[in-house]
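Secondary and tertiary structure notes
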Amino acid sequence: QVQLVESGGGLVQPGGSLRLSCAASGLTFSYYNMAWFRQGPEKERESVAAIAWNSENTYYADSVRGRFTISRDLAKNTLYLQMNSLKPEDTAIYYCAAGGRVGGAAATYDSWGQGTQVTVAS
């Protein structure tokens, strides 16, 4: 019954920025660890960033650390991923996930959105 809906993807030039959103329903948002994963062409799904249920702990993949920021808005039941200084290698489908381990693999997460496409190209 958990529903996660991503939005905010699109085409952006290298060096540009995007802000992804994940609207959550059907769960007590404030009690779930949340994360962003991505899967590029011919690549495995990888963890991008995660945030604890209490927002006190975060995780960032080495490849995005310093460029991406994960946050959550409890009042809106929404997870965000601010992506700056985007690179072509960031091109992927980005998925919102809930219920797993901060910094953990995809298999630790219980609920998933359908994904939003991010394409970084000139």
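Look up a bit, the structure's there.
1. Some words on the state of the cysteines
Applying the stated criterion across every chain, the model contains 1 disulfide. Disulfide pairing is shown between cysteine 22 and cysteine 96; the S-S distance is 2.0 Å. Looking down the S-S bond of the cysteine 22 and cysteine 96 bridge, the torsion is -75°, so its handedness is left-handed. With cysteine 22 in strand β3 (residues 18-25) and cysteine 96 in strand β9 (residues 92-98), this residue pair connects regions lying 74 residues apart in the sequence. The pair cysteine 22 / cysteine 96 is uniform in exposure class, with both members buried.

2. Examining the packing of aromatic side chains
The final tally for this structure, using the stated rule, is 5 aromatic pairs. Both rings, one in phenylalanine 37 and one in tyrosine 109, keep their centres 5.3 Å apart while their planes meet at 75°; by these two values the pair is edge-to-face. A residue pair is termed long-range when its members are at least 10 positions apart, and phenylalanine 37 in strand β4 (residues 34-39) and tyrosine 109 in the loop between β9 and β10 (111-112) qualify at 72 residues. Residue class for tyrosine 109 comes out buried when judged on its relative accessible area of 5%. With a centroid separation of 6.4 Å and 80° between ring planes, the pair formed by tyrosine 95 and tryptophan 112 is classed as edge-to-face. Residue tyrosine 95 is located in strand β9, and its partner tryptophan 112 is located in strand β10; the two are separated by 17 residues in the primary sequence. Its guanidinium or amino end placed over the ring of tyrosine 80, arginine 19 lies 3.9 Å from that ring's centre, counting from NZ or CZ.

3. As for the sheet that holds β3
The 4 strands lie next to each other as β1-β3-β8-β7, forming an open sheet whose pairing is antiparallel. Both edges of this open sheet fall to β1 (3-7) and β7 (68-73), since each of them pairs with a single strand only. Ignoring which end each strand starts from, the neighbouring axes of this sheet average 15° apart. One ladder, built from 5 bridges, connects β1 with β3; its direction is antiparallel. Counted as the bridge partner of valine 5 is alanine 23 from β3.

4. Some remarks on unusual backbone geometry
Even without being a glycine, asparagine 77 presents a positive backbone phi close to 50°. With a relative accessible area of 25%, asparagine 77 lands in the partly exposed category. Positive phi outside glycine occurs at serine 85, with the angle close to 50°. Mapped onto the secondary structure, serine 85 falls in the loop between β8 (78-83) and β9. Given the relative accessible area of 41%, serine 85 is considered partly exposed.

Rules of the game
- Residues numbered from 1 in each chain as written.
- Predicted model: local features only at pLDDT ≥ 70, side-chain atom pairs only at ≥ 80, totals over all residues.
- Heavy atoms only, no water.
- Disulfide = S-S within 2.5 Å.
- Helix = DSSP H or I, 4+ residues; strand = E, 2+ residues; numbered from the N terminus.
- Buried < 20%, exposed > 50% of the residue type's maximum accessible area, 1.4 Å probe, protein only.
- Phe/Tyr/Trp six-rings, centres within 6.5 Å; stacked < 30°, edge-to-face > 60°.
- Lys NZ or Arg CZ within 6 Å of the ring centre and 35° of its normal.
- Pairing = 2+ DSSP bridges.
- Axes fitted to C-alpha atoms, helices over the stretch in contact; angles between N-to-C directions.

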